[in-house]
Amino acid sequence: MSSTSARALSGYRRLFRARKIVFKGDHRALQESRLFIRSQFEEHRSETNSQQLEILFSGIDEAEHMMLHEILQGKLNESSGNYAIKVKKEHTNDGVKSPTIEPVTSATVEQATEATPKVEITKTKP
């Protein structure tokens, strides 16, 4: 097995392990992520350009990091209507469990929507 093939297989396995951790208990997310990861690897299976391969390997590293450190899974608390999440040490920038996370509610969504700058076209070029 070439070193490129070994790196690709290692990256594939790392992404599959990360998705199992992140989407534990969410069968739909597990299925969709499996299909997506597989399709991306199939799409680039015949890539031979070394620069493009390095970009793809970097993308694998970034995707794994994002899944393990930047995605939180929440569960709906039916009595309050809010989602409960468990923030782990790896989800914070400084490794300290003290992030401020505002719950997503209809009020916070409305507030975020209102805060979004409006786009207005004032002049168009012919």
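Residues numbered from 1 in each chain as written. Predicted model: local features only at pLDDT ≥ 70, side-chain atom pairs only at ≥ 80, totals over all residues. Heavy atoms only, no water.

A. Examining the overall build of the protein chain more closely. For the protein chain, the count of helices and strands is 4 helices and 2 strands. Overall, the protein chain shows an N-to-C arrangement of helices and strands of α-α-α-β-β-α. Intrachain contacts of the protein chain at a sequence separation of at least 6 include 41% that bridge at least 24 residues. For the protein chain, the exposed surface amounts to about 10500 Å²; the carbon and sulfur share of it is 53%. (Helix = DSSP H or I, 4+ residues; strand = E, 2+ residues; numbered from the N terminus. Contact = heavy atoms within 4.5 Å. Areas by Shrake-Rupley, 256 points an atom, 1.4 Å probe, with all protein chains shown as cover.)

B. Broad picture of helix α3 (residues 50-69). In this model, α3 (20 residues) spans 28 Å end to end at C-alpha, consistent with the 28 Å of a helix rising 1.5 Å per residue. Regarding α3, the residues found buried are L53, F57, I60, E64 and M67. Viewed end-on, α3 has its buried residues packed into an arc of 90°, placing them on one side of the element. Exposed and facing more than 90 degrees away from the buried side of α3 are Q51, I55 and E62. In this structure N49 caps α3, since a side-chain oxygen of it lies 2.8 Å from the backbone nitrogen of Q51. (Expected span 1.5 Å × (residues − 1). Buried < 20%, exposed > 50% of the residue type's maximum accessible area, 1.4 Å probe, protein only. Arc of directions from axis to C-beta. Polar contact = N/O pair within 3.5 Å; in protein donor to acceptor, adjacent residues only side chain to side chain.)

C. Layout of the packing of helix α1 (residues 3-22) against α3. Where α1 meets α3, the axes come as close as 9 Å, and the angle between the chain directions of the two elements is 20°. Between α1 and α3, the crossing angle belongs to the class labelled roughly parallel. For the pair α1 and α3, the sense of crossing is left-handed. Within the contact between the two elements, α1 uses T4, R7, A8, G11, R14, L15, A18, R19, I21 and V22 and α3 uses L53, E54, F57, I60, D61, A63, E64, M67 and L68. Split by residue class, the contact of α1 with α3 holds 11 nonpolar, 2 polar and 6 charged. (Axes fitted to C-alpha atoms, helices over the stretch in contact; angles between N-to-C directions. Parallel < 35°, antiparallel > 145°, perpendicular 65-115°, else oblique. Left-handed = near helix turned anticlockwise from the far one by under 90°. Nonpolar A, V, L, I, M, F, W, Y, C, P; charged D, E, K, R; others polar.)

D. Broad picture of the pairing of strand β1 (residues 74-77). Examined bridge by bridge, β1 and strand β2 (residues 82-85) share 4 bridges and lie antiparallel to one another. When the sheet's bridge partners are listed, N77 is paired in β2 with N82. From the end of β1 to the start of β2, which pair antiparallel, there are 4 residues, and G81 there has a positive phi angle of about 80°. (Pairing = 2+ DSSP bridges.)

E. Spotlight on the nonpolar core. Among the nonpolar cores identified, the biggest contains 13 residues, and L15, F23, I37 and M67 are the most heavily contacted of them. Those elements that place two or more of their residues in this core are α1, α2 (27-43) and α3. The element contributing the most residues to this core is α1, with 5 residues. (Core = buried A, V, L, I, M, F, W, Y, C linked by side-chain atoms within 4.5 Å.)

F. Here's a closer look at α2. Under the 1.5 Å per step criterion, the end-to-end length of α2 is 24 Å for 17 residues, consistent within 8% with the ideal 24 Å. Looking at α2, one finds that the buried residues are A29, L30, S33 and I37. Taken around the axis of α2, the buried residues stretch over an arc of 100°, which confines them to a single face. Pointing more than 90 degrees away from the buried face of α2 are the exposed residues H27, R28 and E43. Packing partners of the buried residues in α2 comprise α1.

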